[in-house]
Amino acid sequence: RGKVSESKLKKILDTTVEEYNNARVHAGESVGIISAESIGEPGTQMTLNTFHFAGVMEMNVTLGLPRIIEILDGRKNLQTPSMEIYLKQPYSKGKDIREFALALRETKLSDIALEFSISLVDSEIEVTLDKEKMKSINLTNSQIISSIGKQIKGFNIRDNKDSISLRMRSKEEALNEVYKAKEKIKDVHIKGVKGIGQVLPIKRGEEYIIITSGSNLADVLQLDDIDPYRTTTNNIDEIRDVLGIEAARQSIINEVFKVIENQGFNVDIRHIMLVADTMCVSGEVKGITRYGVVSEKASALARASFETPIKHIINAALIGEIDTLNSVVENVMLNQVVPIGTGTPDL
């Protein structure tokens, strides 16, 4: 203001409006096909790798095409679920961050036990504890005993300083029951956030964040020292459960964009937004598969053109379905003018 004359300002605004109108999609433009090609073309040149964090076992991140397929299929079980946890001060500055990260990691009984042995005479299971490991994560015997007691019933637990004995209360237990119990005890959750297998504090820009392998958004968001507004997971289904469908839609856009950018390609964000909208329009995250989005198409011929055609055609015949031929696929199959571009109006 004050630096531009009225006439110049009007000219600038007029040019902006003209630019905007030229950028808008024309009626009858087949946006779906353009989006599909714009995402699919760089997709063919993507790598198929996973990225491995040096020095940490089990810390892999799926990248490239496998990751895009995973997102667009709307899969619930990811190959490498992971979280980015942002912290409040003073942790974000790096103070005590290692201790904080280790406290997040899930500790099972098998992680702090040296060995599990079974005494056949009195059906006892003895767990020898690793005192060094317990010290490094501030665990005491009594904490371990109370955790086991809460999660596994029917045992008398005894503390022997360097080990813990569990004896079945019912006397007549068969041996294989004791073996079953031994396997079950290994997975008892002792400390940390369930599902988080590995943690890695890294510095990003000015602040420190924690990257995890494994994901549990609901539980992590309840911790006091994390920044709940930026902490995120790469599991879109989990985001939908915790934060709702709008957040899931945004997260699909972010995740796909992240992969494409990572590979050095340039895809207009609107193509990705169209895909995300298609997946989330029903209020659930539906993958672009024959069980997800495709199964909801109104046209029987369009469903049949995708996969398992005979099934769709038989089902449509059984209920006498009528196909109004509104879309592209059906008209191509029947050799008619497709309703896009100049085929949209009839003169």
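Our subject is the structure listed above.
Everything numeric in this text was worked out from a predicted model, so none of it was measured. (Residues numbered from 1 in each chain as written. Predicted model: local features only at pLDDT ≥ 70, side-chain atom pairs only at ≥ 80, totals over all residues. Heavy atoms only, no water.)

### Describing helix α4 (residues 97–104)
- Among the residues of α4, those classed as buried are I97, F100, A101 and L104. Along the axis of α4, the buried positions cluster into a sector of 100 degrees, meaning they face one direction only. The exposed set on the far side of α4, more than 90 degrees from its buried face, consists of R98 and E99.
- Lining the buried residues of α4 we find β3 (82–86), β10 (198–204) and β11 (207–213). (Buried < 20%, exposed > 50% of the residue type's maximum accessible area, 1.4 Å probe, protein only. Helix = DSSP H or I, 4+ residues; strand = E, 2+ residues; numbered from the N terminus. Arc of directions from axis to C-beta. Contact = heavy atoms within 4.5 Å.)

### Here's the deal with the sheet that holds strand β12 (residues 232–233)
- A sheet is described by the order of its strands in space; here four strands give the open sequence β10-β11-β3-β12, paired in antiparallel fashion. Edge positions in the sheet fall to β10 and β12, since each has one partner strand and no second.
- Direction of pairing for β3 relative to β11: antiparallel, over a ladder of five bridges. The residue bridging Y86 from the neighbouring strand is I209, located in β11. (Pairing = 2+ DSSP bridges.)

### So, helix α11 (residues 245–262)
- The end-to-end C-alpha distance of α11 is 25 Å, a good match for the 26 Å that 18 residues give at a rise of 1.5 Å each.
- Turning to α11, its buried residues are A248, R249, S251, I252, I253, E255, V256, V259 and I260.
- Next to the buried residues of α11 lie α3 (64–72), β12, α10 (236–243) and α12 (269–280).
- Note on α11: the residue one or two positions beyond its end, G264, has a positive phi of about 80 degrees. (Expected span 1.5 Å × (residues − 1).)

### Some remarks on the packing of α11 against α12
- In the contact formed by α11 and α12, the axes pass within 9 Å of each other and the chain directions differ by 140 degrees. When the axis of α11 is compared with that of α12, the two are oblique. Crossing of α11 against α12: the hand is right-handed. Along the contact surface, α11 presents I245, R249, I252, I253, V256, F257 and I260, while α12 presents I269, I272, M273, A276, D277, M279 and C280.
- Its residues assigned to classes, the contact of α11 with α12 shows twelve nonpolar, no polar and two charged. (Axes fitted to C-alpha atoms, helices over the stretch in contact; angles between N-to-C directions. Parallel < 35°, antiparallel > 145°, perpendicular 65-115°, else oblique. Left-handed = near helix turned anticlockwise from the far one by under 90°. Nonpolar A, V, L, I, M, F, W, Y, C, P; charged D, E, K, R; others polar.)

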